[in-house]
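Structural description and commentary
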Amino acid sequence: GNSQADEVSTLLNPVASLQPALRAQVEPIVQRAEAGQTGFVAVPLNNRVFRITVRPIAQTGGVLATLYAEDELLAEVSDLRRTQIVLAASGLTALAVAIVLLSRRITRPLGALAGTARRLATGNLDTPLPAAATRDEIGELAEAFRNMRD
C-alpha cells in the first residue's frame, strides 16, 4: 500500500521528504538545477554544516545532488593553512637570526674601531689598532687609522 507509494514519491521528489526548514534552503537550488543551472548551498544538518552541490542532467532531465560534510571537505585546507603559518613563522625567525648575525658582524668591528679612534683622539698614539680582517669599508677604515697614526 501506502508506504510503497511514499517510497516512490520520495524517489521522484526527495526534497519533499525533507524537514520544512531544510527544504526551504534546498528547494531554490534544486529549482535552479531543474532550470538548467548549477547550484551550491551550505546547510546545517545534525549539528554539522554540509555543502550541497546540484547539477542538471541534460539527457534525463533529472538533477544530480552531492552532499559533503564541510569539515571533511575543508580539512586539507586547514592543514595547508597550518603548514603555511609554520613555514612563514620559520622563515621570519630565520630572517631575524640572519639580520642579527649580519648586524653583529658589522657593528662589532665598528665598535672596536670607534674605541680605538677615541683613544687616538686623546693623544694615545701607542693604541693598538684592530687588524683589518676584511677588505670591506671597515677594513679600509682600520687601515686609514693605521696610516694616520703611523
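Not measured: the values here are computed from a predicted model.

**A few points about the confidence of the model for the protein chain**
Mean pLDDT for the protein chain: 81, with 90% of residues reaching 70 or above. By mean pLDDT, helix α1 (residues 2–12) is the weakest element of the protein chain at 58, and helix α4 (residues 75–121) is the strongest at 90.

**Section: helix α2 (residues 20–34)**
With 15 residues, α2 should cover 21 Å at 1.5 Å per step; its first-to-last C-alpha distance of 20 Å lies within 8% of that length. At Val 26, α2 is deflected by roughly 35°, the largest bend along its length, and proline Pro 28 occurs up to four residues later in sequence. All of the buried residues along α2 are Leu 22, Val 26, Ile 29, Val 30 and Ala 33. Summarising the contacts, the buried residues of α2 are in contact with β1 (39–45), β2 (48–57) and β3 (62–69). Of the residues flanking the end of α2, it is Gly 36, one or two places downstream, whose phi is positive at about 100°.

**Observations regarding the sheet that holds β3**
Read from one edge to the other, the open sheet built from 3 strands follows the order β1-β2-β3, with strand pairing classed as antiparallel. Where the open sheet ends on each side, the last strands, each with one partner, are β1 and β3. Averaged over all adjacent pairs, the angle separating strand axes in this sheet is 25°, with direction ignored. When β2 meets β3, the two strands line up antiparallel, connected through 8 bridges.

**A closer look at the environment of Leu 64**
Note that Leu 64 resides in strand β3. Under the relative-accessibility criterion, Leu 64 is labelled partly exposed at 45%. Along the primary structure Leu 64 and Val 30 are separated by 34 residues, whereas in three dimensions their C-alpha atoms are 9.3 Å apart.

**Observations regarding the pairing of β1**
Alignment of β1 against β2, held across 7 bridges, turns out to be antiparallel. Its bridge partner being in β2, Val 41 is matched across the sheet by Ile 52. Between β1 and β2, which follow one another and run antiparallel, lie 2 residues, and Asn 46 among them has a positive phi close to 55°.

**Quick look at the pattern of salt bridges**
A complete count under the given rule lists 5 salt bridges for this structure. The shortest N-O distance in the salt bridge between Arg 48 and Glu 72 comes to 3.0 Å. Separated by 24 residues along the polypeptide, Arg 48 in strand β2 and Glu 72 in helix α3 (residues 70–73) bring together distant segments of the chain. Relative accessible area serves as the criterion here: at 57%, Glu 72 is assigned to the exposed category. Arg 51 is the salt-bridge partner of Glu 70, the closest N and O atoms lying 2.4 Å from each other. Taken together, the residues span a long stretch of sequence, with Glu 70 in helix α3 and Arg 51 in strand β2 at a distance of 19 residues. Residue classification places Arg 51 among the partly exposed positions, given a relative accessible area of 22%. A single salt-bridge network, built from bridges that share partners, covers Arg 48, Asp 71 and Glu 72.

Basis of the calculations
- Residues numbered from 1 in each chain as written.
- Predicted model: local features only at pLDDT ≥ 70, side-chain atom pairs only at ≥ 80, totals over all residues.
- Heavy atoms only, no water.
- pLDDT = per-residue confidence, 0-100.
- Helix = DSSP H or I, 4+ residues; strand = E, 2+ residues; numbered from the N terminus.
- Expected span 1.5 Å × (residues − 1).
- Bend = angle between axes of the 7 residues up to and from the residue.
- Buried < 20%, exposed > 50% of the residue type's maximum accessible area, 1.4 Å probe, protein only.
- Contact = heavy atoms within 4.5 Å.
- Pairing = 2+ DSSP bridges.
- Axes fitted to C-alpha atoms, helices over the stretch in contact; angles between N-to-C directions.
- Salt bridge = Lys/Arg side-chain N within 4 Å of Asp/Glu carboxyl O.

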